[in-house]
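# Commentary on secondary and tertiary structure
Residue strings, one per chain:
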Amino acid sequence: QKFIAVGRTIRPASNPSLCATVGGYNGVKSPVKLRACKRGEGSDSQSFKEVRAEGKFELQPSSNSGRCLSQHHHPKEHEVVFPEECSKTRRFDTTYWTTY
């Protein structure tokens, strides 16, 4: 699936009225989900500190910069993405996102 950045939000290119939304900080029990975007650039649960148009970057929720969107290891089919402690994700190199 292809995603686009609109302001500080992440949206599926196929339906930009949805935003990646952080639902909590309980690891895999709190995966990021697609929800209807709030007005403007989204609420704290839908906005991220750094979204780059090119290169490698981390996605940190605006509501908690100590967390980075990731999964436990390199992506596999049907796996969830969730806000994990950045110190953990950086150790396993699963913290980085790349735009194409």
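Along each chain, the written sequence defines residue order, and numbers are assigned to residues from 1. Per-residue local features are limited, in this predicted model, to residues with pLDDT of at least 70; the limit for side-chain atom pairs, both in listing and counting, is 80 or more; totals at the level of whole chains, interfaces and linings are taken over all residues. Based on all heavy atoms of the structure, the side-chain values leave hydrogens and waters out of the count.

### Considerations on the overall build of the chain
Worth spelling out the cut-off: Runs of H or I in DSSP of at least four residues are treated as helices and runs of E of at least two as strands, each being numbered from the N terminus. As defined in this context, the radius of gyration uses C-alpha atoms, and a globule is described by 2.2 Å times the residue total to the power 0.38. Throughout this description, buried means an accessible area under 20% of the type-specific maximum (1.4 Å probe, protein chains only), exposed means over 50%, and partly exposed covers the range between. Contacts are residue-level and defined by heavy atoms, with any inter-residue pair within 4.5 Å sufficient. Each accessible area value is a Shrake-Rupley result obtained with a 1.4 Å probe; residue values ignore everything except the protein chains displayed when judging cover.
Counting its secondary structure elements, the chain contains one helix and eight strands. For the chain, the α and β elements follow one another from N to C terminus as β-β-β-β-β-β-β-α-β. Its C-alpha atoms give the chain a radius of gyration of 12 Å, within 12% of the compact-globule value 13 Å for 100 residues. Counting all 100 residues of the chain, 33% fall into the buried class. Within the chain, contacts between residues at least 6 apart in sequence are counted, and of these 40% link residues at least 24 apart. Accessible surface, the chain: about 6300 Å² in total, of which carbon and sulfur atoms supply 49%.

### Points about the nonpolar core
Generally speaking, a soluble globular protein has its nonpolar side chains buried in company with each other. What counts, and what does not: Throughout this description, the term nonpolar core refers to a set of buried Ala, Val, Leu, Ile, Met, Phe, Trp, Tyr and Cys residues connected via side-chain atoms within 4.5 Å.
Among the nonpolar cores identified, the biggest contains seven residues, and these are Ile10, Ala20, Val22, Phe48, Phe57, Leu59 and Leu69. With near-sequence residues (within four places) excluded, Phe57 lies in contact with Glu50, Val51, Arg52, Thr95, Tyr96, Trp97, Thr98 and Thr99.

### Comments concerning the state of the cysteines
Our working rule: The criterion for a disulfide is a pair of cysteine sulfur atoms lying within 2.5 Å.
A complete count under the given rule lists two disulfides for this structure. In this model Cys19 forms its disulfide with Cys37; the gap between the sulfur atoms is 2.0 Å. A torsion of 105 degrees about the S-S bond marks the disulfide between Cys19 and Cys37 as right-handed. Taken together, the residues Cys19 in strand β3 (residues 18-21) and Cys37 in the loop between β4 (33-36) and β5 (56-58) connect sequence positions 18 residues apart.

### Observations concerning the side chain of Glu58
By the element assignment, Glu58 lies in strand β5. The class for Glu58 is buried, based on a relative accessible area of 12%. Non-local contacts of Glu58, meaning those with residues more than four positions away in its chain, are made with Glu50, Cys68, Arg90, Thr95, Tyr96 and Trp97.

No statement about biological role is implied by the geometric values presented.
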